[in-house]
Amino acid sequence: MTAPICPTCATAAVLTTGAAVYPNRPDLAAKPIWRCEGCGAYVACHPDTTVPLGTPADAATRAARMNLHQKRLDPLWKEAWREPAYAKNGCGPKTRRSIQKAARERVYAYLAGRMRLTPAECHTGLFTREQCRVAWGVLSATSYAEIRTWARALNPKPRRERKAPSPSSDIQRIAR
Ligand SMILES: [Zn+2]
């Protein structure tokens, strides 16, 4: 695993554990964490791996990233199935998951476009505080219905004469 570079002081982070970062949280002691020895910025890892969730960040940036994720990004795609447009599909758990999966991709694609980022750059774990602020503004002013309309305009329905549906057509149809 290549060490992530601290965006604040350009130092390669060092892999440590929760025992060093959260001395008062024995429950997190085994968690792998990449920490910048220069400024103390840190970032946690994807579950059960040492792959960093993004770049090391200071406390204010970590809070801004978490806030954006939990209060703006996640609700947009997780609640997408409630859109009246999907009412005809019912709301069984399978349908709900299909809608959420498509909605998540749309929400991130929309945000990337608005922020002029590539899809690879559009992750809260990579955002600076300023980017969190911009994303917060964009997502606060946008409903999922608007994002759906935007996505559908970019990617119109497949032509009728298409005969063999692709394996994913079910998900696409449900989630449109
Ligand atoms: Zn640093």
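Up top is the structure.
Described in the following lines is the structure provided in the data block. Residue positions are counted from 1 within each chain, in the order its sequence is given. Where totals are concerned, whole chains, interfaces and linings use all residues; where local detail is concerned, this predicted model gives features only for residues with pLDDT of at least 70, and gives and counts side-chain atom pairs only at 80 or more. Note: side-chain values were computed over all heavy atoms of the structure, leaving out hydrogens and water.

The next subject is the pairing of strand β2 (residues 32–35). Note: strand β1 (residues 14–17) against β2, four bridges, orientation antiparallel. Bridged to Leu 15 within β2 is Trp 34. Paired strands are those between which DSSP finds at least two bridges. Each helix corresponds to a stretch of at least 4 residues labelled H or I by DSSP, and each strand to a stretch of at least 2 residues labelled E; elements are numbered beginning at the N terminus. Relative to strand β3 (residues 42–44), β2 is paired through three bridges, and the arrangement is antiparallel. By the bridge assignment, Trp 34 is partnered in β3 with Val 43.

Let us now look at the sheet that holds β2. Within the open sheet, the three strands sit side by side as β1-β2-β3. Their pairing is antiparallel. Each edge of the sheet is formed by a strand with only one pairing partner; in this case those strands are β1 and β3. Going across the sheet, the axis of each strand differs from the next one's by a mean of 35°, ignoring polarity. Only the contacting stretch of a helix is used when fitting its axis, a line to C-alpha atoms as for every element, and angles between N-to-C directions run 0 to 180 degrees.

A word on the nonpolar core. Residues belong to a common nonpolar core when they are buried Ala, Val, Leu, Ile, Met, Phe, Trp, Tyr or Cys residues joined through side-chain atoms within 4.5 Å. Here's how the labels work: a residue is buried when its accessible area is under 20% of the maximum for its type, exposed when over 50%, partly exposed in between, all with a 1.4 Å probe on protein chains only. If you look at the biggest cluster of nonpolar residues, it comprises 24 residues, and the most contacted ones within it are Leu 111, Phe 127 and Tyr 144. Of all the secondary-structure elements, those providing two or more residues to this core are α2 (59–78), α3 (93–115), α4 (129–140) and α5 (144–154). Per element, the largest residue contribution to this core is eight residues, and it comes from α3. The criterion used for residue contact is that any of the two residues' heavy atoms lie within 4.5 Å. With residues up to four places along the chain from it excluded, the contact list for Phe 127 reads Thr 61, Arg 65, Leu 68, Leu 111, Met 115, Leu 117, Glu 121, Cys 122, Cys 132 and Ala 135.

This paragraph deals with the packing of α3 against α4. Following both chains from N to C, one finds α3 and α4 inclined at 115°, their axes separated by 10 Å at the closest point. Where α3 crosses over α4, the two elements pack in a sense that is right-handed. Contacts from Tyr 110, Leu 111, Arg 114 and Met 115 of α3 reach α4 at Gln 131, Val 134, Ala 135, Val 138 and Leu 139. Ten residue types, Ala, Val, Leu, Ile, Met, Phe, Trp, Tyr, Cys and Pro, are classed as nonpolar, four, Asp, Glu, Lys and Arg, as charged, and the remainder, Gly among them, as polar. A class-by-class count of the residues in the contact of α3 with α4 yields seven nonpolar, one polar and one charged. What makes a crossing left-handed is the near helix being turned counterclockwise from the far one by less than a right angle; a clockwise turn instead makes it right-handed.

Only N, O and S atoms count as donors, using a 2.8 Å cut-off from the metal and 3.2 Å for Na, K and Ca, and because water is excluded some sites may appear unfinished. Only Cys 6 (SG), Cys 9 (SG), Cys 36 (SG) and Cys 39 (SG) from the protein reach the zinc ion as donors, at distances of 2.2 to 2.3 Å. The geometry test gives tetrahedral to four donors whose angles all lie between 85 and 135 degrees, gives square planar to four donors and octahedral to six donors whose opposite members are over 155 degrees apart with all other angles between 65 and 115, and gives irregular to the rest. If you look at the zinc ion, its four donor atoms make angles of 92 to 124° with each other, and the shape they trace is tetrahedral. Each donor residue of the zinc ion belongs to the same chain, with the gaps between them written as C-x2-C-x26-C-x2-C. Residue Cys 39 is classed as partly exposed on the basis of its relative accessible area, which comes to 43%.

The next thing to look at is the packing of aromatic side chains. Ring pairs are drawn from Phe, Tyr and Trp, using the six-membered ring of Trp, whenever the two centres fall within 6.5 Å, and their geometry is named by plane angle: stacked under 30 degrees, edge-to-face over 60, tilted for the rest. Across all of its chains, the model carries two aromatic pairs by this definition. Measuring from ring centre to ring centre gives 5.8 Å for Tyr 22 and Tyr 42, while their planes differ by 90°; the resulting arrangement is edge-to-face. Here the residue Tyr 22 occupies a position in the loop between α1 (18–21) and β2, and Tyr 42 occupies one in strand β3, the gap between them amounting to 20 residues. Judged by relative accessible area, Tyr 22 falls into the partly exposed class, the value being 22%. Take Tyr 42: its relative accessible area is 13%, and that puts it in the buried class. Pairing Tyr 110 with Trp 150 gives two aromatic rings, centres 5.3 Å apart and planes at 85°, and the pair type is edge-to-face. Of this pair, Tyr 110 sits in helix α3 while Trp 150 sits in helix α5, and the two are 40 residues apart along the sequence. For Tyr 110, a relative accessible area of 10% translates into the label buried. Trp 150 gets classed as partly exposed once you look at its relative accessible area, which sits at 30%. The ring centre of Trp 77 lies 5.6 Å from the NZ or CZ of Arg 104, which sits over that ring. It is Arg 148 that lies over the ring of Tyr 86; its NZ or CZ is 5.1 Å from the centre. Any Lys NZ or Arg CZ that is within 6 Å of a ring centre and within 35 degrees of that ring's normal is treated as a charge sitting over the ring.

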